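Structural characterization, general
Each chain, letter by letter, is given below.
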Amino acid sequence: MSEQRPDPDKLLAEVQQAEQRVARGRLKIFFGMAAGVGKTYAMLEAARARQAEGLDVVVGWVETHGRAETEALTVGLERLPPRQVTYRGVTLAEFDLDAALARHPQLIIVDELAHTNAPGSRHAKRWQDIEELLSVGIDVYTTLNVQHIESLNDVVAQITGIVVRETVPDQVIDQADEIELIDLSPDELLQRLREGKVYLPQQAAHALRHFFRKGNLIALRELALRHIADRVDLQMQDYMRDHAIPHTWPTTERIMVGVGTGPGAARLVRAARRMASTLRAQWLVAYVETPARHSPAERERVMRTLRLAEQLGGESVTLTGHDVATTLVTYARRRNVTKLILGKPRAPHWRELVRASVASRVLRCSGDIDVYLIAEQEDEEAPPGRFGVRPSSGASAYWRALAVVALCTLLVAAVDRWYPAIADANLVMAYLLGVTFVATRYGRGPSILASLVSVLAFDFFFVAPHLSFAVSDTQYLITFAVMLLVALVISTLTVRVRRQAQAAIERAERTAALYALSRELARVRGQASMIEAAVRHISTTFDARVAILLNDEQGHLELQAVGDPTLVREPSELGVAQWVAQHGEVAGLGTQTLGGAHALYLPLRAAQRVLGVVAVCPRIAWRLFEPEQYHLLETFIHLTASALERARLAVEAEQARVQIETERQRSSLLSAISHDLCTPLATITGAATSLLDTQTILDQATRRDLLQAIAEEAERLTRLVRNLLDITKLESGAITVRKEWQPLEEVIGAALTRLSTALQGRTVLVDVPATLPLVPIDSVLIEQVLLNLLENALKYTPSEAPITIRARSQERSILVEVADQGPGLPPGAETRVFEKFYRGDPHQPGRGAGLGLAICAAIVRAHGGTISAISQPGGGARFQFTLPLDGTPPPLIATPDEPGGTATT
Amino acid sequence: MNGQSPRILIIEDEPQIRRFLRATLAAHGYQALEASSAEQGLRDAARYLPDLVILDLGLPDADGLEVTHRLREWSSVPIIVLSARGQEQDKVAALDQGADDYLTKPFGMGELLARIRVALRHATQAQASTHPVFEVDGLQVDLAARRVWLHGREIHLTPIEYKLLAVLVRYAGKVVTHRQLLREVWGPAYEQETHYVRVYMAQLRQKLEDDSARPTYLITEPGVGYRMREGQS
């Protein structure tokens, strides 16, 4: 593929990277082949130069190794005091990340990029501290030796024979904005060492004998120089591409490493990384999970290998298949892999004849994919697994196998006794049956034991000479061999079938668990029930205590945990959760960041932001960290996050819809109100101006008519404005209900008195029993309710139709009813009549603004009562409302001069 | 009232309201004085010694309650307060401070003139002796003999009922707040027990009104108190 013009996607990615770098701090690494070449010295000199240029420079951590000339350079630079960490009784000084973040200088000096922090620090490694500094926009100067580069780690170990554990992922180094090589010839370095300029004398002697041998130094120097040269080369290529310099480019390479459970897998991964960076290729690491059982140590090794791959910037995948070779090749083809890296088979040649190794089978079917075989040298053995050992199965299976053989022997003995004519070959069949049974039931080991014991028993009891192991006839040897082979074949097959079945069951369980979660997440509504479902499913599937903390709108973690709140009660645990919420990365138990935590913290990541944090504290830790379980957990978290995001978006969409609806309603309300306001104003203005006009001659009757119109319209306007004010006050809660115990009749009386003019000529029946108890109400508001209901009845019924006001005592409340005998309500209007601005017939003139009943409903609700409208079958509408009888009515104590009263004055 | 037409001081910040009040009052033979702020109102009250004050509760420079209070410190001039709707508490407070009556805006001029008449009459009666027999539309109350007749039939009232009726009759035509009634009938210790008044009022209505749900003598002023219909003299 020739790139005549820059690929827009690549350029965009670079621009984005550049933009990110603007916000991020710049990282400069002073790089050398070994200690003592003068990295720290060069770094401090550079820092002084920056300070002289006016930059705010702080020394966060510097390792002077007691060298006076280096120490002298720190004078005049601000130094952050180190953090004191007590670990197992020893006080260690560490770089204080929080102080550095708080101080927030423009440039900070943090020596020794590869340093491992004391246990209990926030991050396991110093490079993670530096990442955090960079992420908040602080520039960092640091130092690094070549042997600490992760992908060169094994090469260095090969050269020097010393395994360096403090490594820095290549990605960190690749992302450095600047790398300055500090070079010194090996002879000069050795000279400095001897002069005691690098280490103290006794340390120096030790170092000279081991690490600082001249051969080592030459090799390390070459490594360092080559690494820098590679980088320069890449920069050159970048430059050429950016400027579209015509050149033939290699086709896009993709490298895949197939790793197994062997201890050399890490080496394969590193090799792949080196190859990938030289070829500028994407790379991935694949592990094929087969039905075969693996020991916990093997599983943990796989997990570590995959994690290492991710740390080195590769992609890790776990595939499932029965045959490793075909699964690998199929996946490689699907991903357009051009180079496949595998470990060299280590099995002896004869095994290869019996059963081809993965590598040779891949070689046969890989077609056009290049296959690289790399010697799987034993890597440094990892420290003993942190997660206990899986319990082994009992020995009872072996005893059972022996019992089966004994049973067979008895059977054969019985047959032999009664039918001595039966050939020995047929007697052997009984043993074969027993061995087959054991193989199917108890697995390989017991079946091998069974076949051995069977052969021995047969020989002992039934082959002449009887009751001895001597074999007189050699042809029985064939019988033994066949029996053993049959036992092995059957047990192997059975074991394999059972393992496949087991694996299938486990897969089915995982799928079922996933399905159950996704179904429930799809079914439930609302964030709270989703989180609740997620907590429940995660805790049952992974046998763990689970808590979920959510971020609020501002991105701060809400302290209210759903699930098991005891998990995050301790401030230290909460701190981890907050860190995860802020950075959107996994931390806590079993990870490199804040690994001392009791629980594993995973971010609930959505497209734009971190929604929250899931804390998982498994009962048995190693089980959670099995690759398939861990991936399942990640899938669970992912599923939960996307469900939450979906819920959030749904809520937002609903809010938008409601807002549009409200907006629409508001504009229709506005037009209704403005119409209702303008009509009376038009009448008043018209009438008043014609009365004022001296040109218009009006007779007395007309003048009176116009004045009457003004008064009536003013009255109408008053009512409308009053209603508008009332509904606004009621809805905004500006009206306080002042309840006082009083007879309802008095309020009814007040309403009737106020409406006496309008009610003239109407029959109003008041049916209130004298025994009706006092009600706690706000008389002004309830009078308003009655007024509105009466006005409503007057408006919508013919003038001769009677109106009834009824009140009844109910249990704990009083029911009040205003009934008319008008046309009743239109169907379906029973609830709508209480809506604001609802009018029976909007086109009929002279009707109200549709507020009266809405005000009634608001007042009744404010009293804690209910209101309803009923259309009567025989015509007429009934409006009913209840007033709760809360509390006890106040006692009517006898008063001074009342008969029987106690005299108090 | 020294033979001249009564002087009425209007303390109201809205010029349009002052304008129609002044016109109508003048047309009814009253002499109208205007003040647009509380400060000016208090000054004018002291200077011109009006026979009645119409006071808006919503003045910009001072609380209407404050004005009532300060007027009552030295004068017993009848005060009619004007208030907006929903200011029930302010109205009651003003009445308890000593205001004589209230009107809710918007109001008809007929109503205002009736209130002014009642207030002015009570003011003059306070100086002269109170009429011993109150009579309105078939109801007779003899305050000296403590006897009540309805359509010529004597009605027997309990002492509390009678005391309640007597207080209302004394202020006939004027609103009397719950608190005022409680203080005068039961004593100052019972000022909060509004349900006493309401219960005895209901009993009184049972005895005096034809239809207690539609009272004609004892009118309810919701949230404020009661008013006895104005007597015929």
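What you are looking at is a predicted structure, and each value in this text was computed from that prediction instead of being measured.

1. Details of helix α20 (residues 527-541) of chain A
The end-to-end C-alpha distance of α20(A) is 21 Å, a good match for the 21 Å that 15 residues give at a rise of 1.5 Å each. Backbone geometry just after α20(A) places Asp543(A) at a positive phi near 50°.

2. Some points on the confidence of the model for chain A
Detail in the predicted coordinates should be disregarded across regions flagged by low pLDDT. Residue and element names in this part refer to chain A. Averaged over every residue, the pLDDT of chain A is 81; residues scoring 70 or more account for 89%. Confidence drops under a pLDDT of 50 for residues 379-393, and excluding neighbours within four residues, the segment shows 24 contacts in the predicted structure. Throughout residues 896-905 the model reports pLDDT below 50, and contacts reaching past four residues in sequence, or to other chains, amount to 13 contacts.

3. Some words on the packing of aromatic side chains
Residue and element names in this part refer to chain A. Per the counting criterion, the structure on display carries nine aromatic pairs over all chains. Taking the centre distance of 6.3 Å and the plane angle of 90° together, the rings of Phe834 and Phe879 count as edge-to-face. Of this pair, Phe834 sits in the loop between α27 (829-832) and α28 (852-862) while Phe879 sits in strand β25 (residues 877-884), placing them 45 residues apart in sequence. The exposure class of Phe834 is buried, given its relative accessible area of 13%. For Phe879, a relative accessible area of 3% translates into the label buried. Geometry around Tyr141 places Lys28 over its ring, the cationic atom sitting 5.6 Å from the centre.

4. As for the sheet that holds strand β3 (residues 52-56) of chain B
Residue and element names in this part refer to chain B. Here five strands make up an open sheet; going across it, the order is β2-β1-β3-β4-β5 and the pairing parallel. Pairing within the sheet leaves two strands with one partner each, and these edge strands are β2 (31-35) and β5 (101-104). The sheet shows a mean angle of 20° between the axes of neighbouring strands, direction not considered. Bridge analysis of β3 against strand β4 (residues 79-83) gives four bridges, and the strand direction is parallel.

5. What about the pairing of strand β12 (residues 339-343) of chain A?
Residue and element names in this part refer to chain A. Taking burial as the measure, the five residues of β12 include five buried ones, the bulk of the element. What you see with β12 is no split at all: Lys339, Ile341 and Gly343 on one side and Leu340 and Leu342 on the other are buried throughout. As defined by bridge partners, strand β9 (residues 254-259) adjoins β12 across three bridges and the pair is classed as parallel. By the bridge assignment, Val257 is partnered in β12 with Ile341. Bridge analysis of β12 against strand β13 (residues 370-374) gives five bridges, and the strand direction is parallel. By the bridge assignment for β13, Leu342 is matched with Leu373.

6. Here's the deal with the pairing of strand β23 (residues 813-820) of chain A
Residue and element names in this part refer to chain A. Burial runs high along β23: eight of the eight residues are buried. The side-chain alternation of β23 yields two buried faces, one formed by Ser813, Leu815, Glu817 and Ala819 and the other by Ile814, Val816, Val818 and Asp820. Bridge count for strand β22 (residues 803-810) against β23 is eight bridges, and the pairing is antiparallel. Its bridge partner being in β23, Thr804 is matched across the sheet by Ala819. Counted between consecutive antiparallel strands, the loop separating β22 from β23 contains two residues, among which Arg812 sits at a positive phi close to 60°.

7. Quick look at the sheet that holds strand β20 (residues 764-767) of chain A
Residues and elements named next belong to chain A. The strand order across the open sheet built from five strands is β20-β22-β23-β25-β24, with neighbouring strands paired in mixed fashion. The open sheet has two edge strands, β20 and β24 (867-871), and neither has a second partner. Pairwise comparison of adjacent strand axes, ignoring direction, gives a mean angle of 15° for this sheet. Bridging between β24 and β25 involves five bridges; their strand directions are antiparallel. Bridge pairing links Ile870 to Arg878 in β25.

8. Focus: the side chain of Arg227(B)
Residues and elements named next belong to chain B. Considering the arrangement of structural elements, one finds Arg227 in strand β12 (residues 225-228). A relative accessible area of 7% means that Arg227 is categorised as buried. A distance of 3.0 Å separates polar atoms of two side chains, one belonging to Arg227 and the other to Asp101. Ignoring anything within four residues of it in the chain, the contact list for Arg227 reads Asp101, Tyr102, Arg115, Leu168, Gly173, Lys174, Val175, Tyr217, Leu218, Ile219 and Glu221.

9. Here's the deal with a negative patch on the surface
On the surface, a cluster of negative charge is made up of Asp63(B), Glu66(B), Glu73(B) and Asp90(B). Residue classification places Glu73(B) among the exposed residues on the basis of a relative accessible area of 57%.

10. As for the pattern of salt bridges
In the structure shown here, the tally under the stated rule is 59 salt bridges over all chains. One salt-bridge network, in which partners are shared between bridges, spans Asp767(A), Arg806(A), Arg808(A), Glu817(A) and Arg878(A).

Rules of the game
- Residues numbered from 1 in each chain as written.
- Chains lettered and ligands numbered in written order.
- Predicted model: local features only at pLDDT ≥ 70, side-chain atom pairs only at ≥ 80, totals over all residues.
- Heavy atoms only, no water.
- Helix = DSSP H or I, 4+ residues; strand = E, 2+ residues; numbered from the N terminus.
- Expected span 1.5 Å × (residues − 1).
- pLDDT = per-residue confidence, 0-100.
- Contact = heavy atoms within 4.5 Å.
- Phe/Tyr/Trp six-rings, centres within 6.5 Å; stacked < 30°, edge-to-face > 60°.
- Buried < 20%, exposed > 50% of the residue type's maximum accessible area, 1.4 Å probe, protein only.
- Lys NZ or Arg CZ within 6 Å of the ring centre and 35° of its normal.
- Pairing = 2+ DSSP bridges.
- Axes fitted to C-alpha atoms, helices over the stretch in contact; angles between N-to-C directions.
- Polar contact = N/O pair within 3.5 Å; in protein donor to acceptor, adjacent residues only side chain to side chain.
- Patch = residues over 30% accessible without salt bridge, like charges linked within 9 Å, V, L, I, M, F, W, Y side chains within 5 Å.
- Areas by Shrake-Rupley, 256 points an atom, 1.4 Å probe, with all protein chains shown as cover.
- Salt bridge = Lys/Arg side-chain N within 4 Å of Asp/Glu carboxyl O.
- Lys, Arg positive; Asp, Glu negative; His and termini not counted.
- Charge placed at Lys NZ, Arg CZ, Asp CG, Glu CD.

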